[in-house]
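Report on the structure
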Amino acid sequence: MEIRFPNGETDTIRLLGVDTPETTLSRVTPSEFEGIPDTAAGRDHLFEWGERASRFASDELEGKTVRIETDSEADRHGSYGRLLVYLFIDGENFNQRLLTDGYARLYESSFSKRAAFETAEANAQENEVGLWDFEELTPTPTSTPTSTPEPTEVPSDKGNEVNIPPPPSDGDYDCSSFDTQEQAQAVLEQTPGDPHRLDGDGDGIACESL
């Protein structure tokens, strides 16, 4: 998220120690969320909770005055230069609240509040809070058709597909993540609102320098 300091300077921060589900369905990774299966239902569930987490953060934080803290036991900046912080609003650690309310998982990194964050995540999992409240329904049996329909030939457009590289370890693309402009453009078109800030001038074209 973007923050503005009292002196007017701005910066991009990342919340330390937590990770919410992705808000792009193709990038959802159930393997990172214990107990959520890598099935269509599991991916849809995490995608929904990724969107809920985004709305929750916007509702709670947008335009508010907050306090941020870095951690001497953690990296000061992430791999993409974002300041890694704990964020406090009205005296409450917002990072930990995301775990307590089931909007996020514990991010595997070193930081001083890790034990408290682990407890918050474990309690949310045990009580099936938020994204941890998942139950995959058993499909209803259906009768088998007596005849097999003739296969229909479907034109292939695989030649037009763009091979998008996997997301970086912190989940945030930038232009250096791509080999071609077409890859960056595909990510831009798949992520409404340009959360990765690939279209700096707002003309609808991503990473024009590539």
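Described in the following lines is the structure provided in the data block. Once a new chain begins, its residue numbering starts again from 1 and follows that chain's sequence as written. Per-residue local features of the predicted model are confined to residues with pLDDT of at least 70, and side-chain atom pairs are confined, for both listing and counting, to 80 or more; whole-chain, interface and lining totals are unaffected and use all residues. Remark: hydrogens and water are excluded; side-chain values derive from all non-hydrogen atoms of the structure.

Before going further, it helps to spend a moment on the overall build of the chain. For the chain, the helix and strand inventory stands at four helices and seven strands. Each helix is a run of H or I in the DSSP string that is no shorter than four residues. Each strand is a run of E no shorter than two, and both are numbered from the N terminus. Taken from the N to the C terminus, the helices and strands of the chain come in the order β-β-β-α-β-β-β-α-β-α-α. Counting every position in the chain, which comprises 210 residues, the buried fraction comes to 37%. The long-range share in the chain, meaning contacts at least 24 apart out of those at least 6 apart in sequence, stands at 56%. Computed with the Shrake-Rupley method and a 1.4 Å probe, the accessible areas treat only the protein chains shown as cover for residues. In the structure as shown, the chain presents an accessible area of about 13100 Å², 46% of it carried by carbon and sulfur atoms. Three labels apply to residues, based on accessible area from a 1.4 Å probe with only protein chains included: buried if under 20% of the type maximum, exposed if over 50%, partly exposed otherwise in between. Every residue pair with non-hydrogen atoms within 4.5 Å of one another is taken to be in contact.

This part takes up the pattern of salt bridges. Salt bridge, as used here, is a side-chain nitrogen of Lys or Arg placed within 4 Å of a carboxyl oxygen of Asp or Glu. Applying the stated criterion to the full structure yields 14 salt bridges. Two residues, Glu92 and Arg97, come together in a salt bridge whose shortest N-O distance is 3.7 Å. The class of Glu92 is partly exposed, set by a relative accessible area of 37%. Through salt bridges with shared partners, a single ionic network connects Arg14, Asp19, Glu32 and Arg105.

Take the state of the cysteines next. Count a disulfide wherever a pair of cysteine sulfur atoms falls within 2.5 Å. A full pass over the atoms with the stated rule returns one disulfide. Sulfur-sulfur distance for the disulfide between Cys175 and Cys207 comes to 2.0 Å. Looking down the S-S bond of the Cys175 and Cys207 bridge, the torsion is -90 degrees, so its handedness is left-handed. Of the two residues, Cys175 is situated in the loop between helix H3 (114-126) and helix H4 (181-190) and Cys207 in the segment after H4; the sequence distance between them amounts to 32 residues.

Turning next to the nonpolar core. Nonpolar core, defined: a set of buried Ala, Val, Leu, Ile, Met, Phe, Trp, Tyr and Cys residues in which side-chain atoms within 4.5 Å join the residues together. If you look at the biggest cluster of nonpolar residues, it comprises 35 residues, and the most contacted ones within it are Val18, Phe94, Leu98, Phe111 and Phe117. Of all elements in the fold, only strand E2 (10-15), helix H1 (40-61), strand E5 (83-89), helix H2 (94-100) and H3 reach the threshold of two or more residues within this core. Counting residues per element, this core draws most heavily on E5, which supplies seven residues. Ignoring anything within four residues of it in the chain, the contact list for Phe117 reads Leu16, Gly17, Val18, Tyr86, Asn93, Asn95, Gln96, Leu99, Leu106 and Phe111. The next biggest cluster of nonpolar side chains, apart from the first, holds eight residues, and it includes Phe178, Ala184, Ala206 and Cys207.

Each aromatic pair joins two rings of Phe, Tyr and Trp (for Trp, the six-membered one) with centres within 6.5 Å, and gets the label stacked for planes under 30 degrees apart, edge-to-face for over 60, and tilted for any other angle. This model, assessed by the stated rule, comprises seven aromatic pairs. Centre to centre, the rings of Phe56 and Phe94 are 5.7 Å apart; their planes meet at 15 degrees, and the pair counts as stacked. With Phe56 in helix H1 and Phe94 in helix H2, this pair connects stretches of sequence that are 38 residues apart. Across the pair, Phe94 and Phe56 agree in class, each one buried.

On to the pairing of E2. A pair of strands is treated as paired once DSSP finds two or more bridges between them. Where strand E1 (residues 2-4) and E2 come together, three bridges link them in antiparallel fashion. Pairing of Ile3 across the sheet is with Asp11, part of E2. A loop of five residues connects E1 with E2, the two strands running antiparallel in sequence, and Gly8 in this loop sits at a positive phi of about 95 degrees. Here E2 pairs with E5 via three bridges, running parallel. Bridging across to E5, Arg14 finds its partner in Leu84.

Secondary-structure assignment places Ser54 in helix H1. The class of Ser54 is partly exposed, set by a relative accessible area of 38%. When the C-alpha atoms of Ser54 and Thr23 are compared, they prove to be 8.1 Å apart, with 31 residues separating the residues in sequence.

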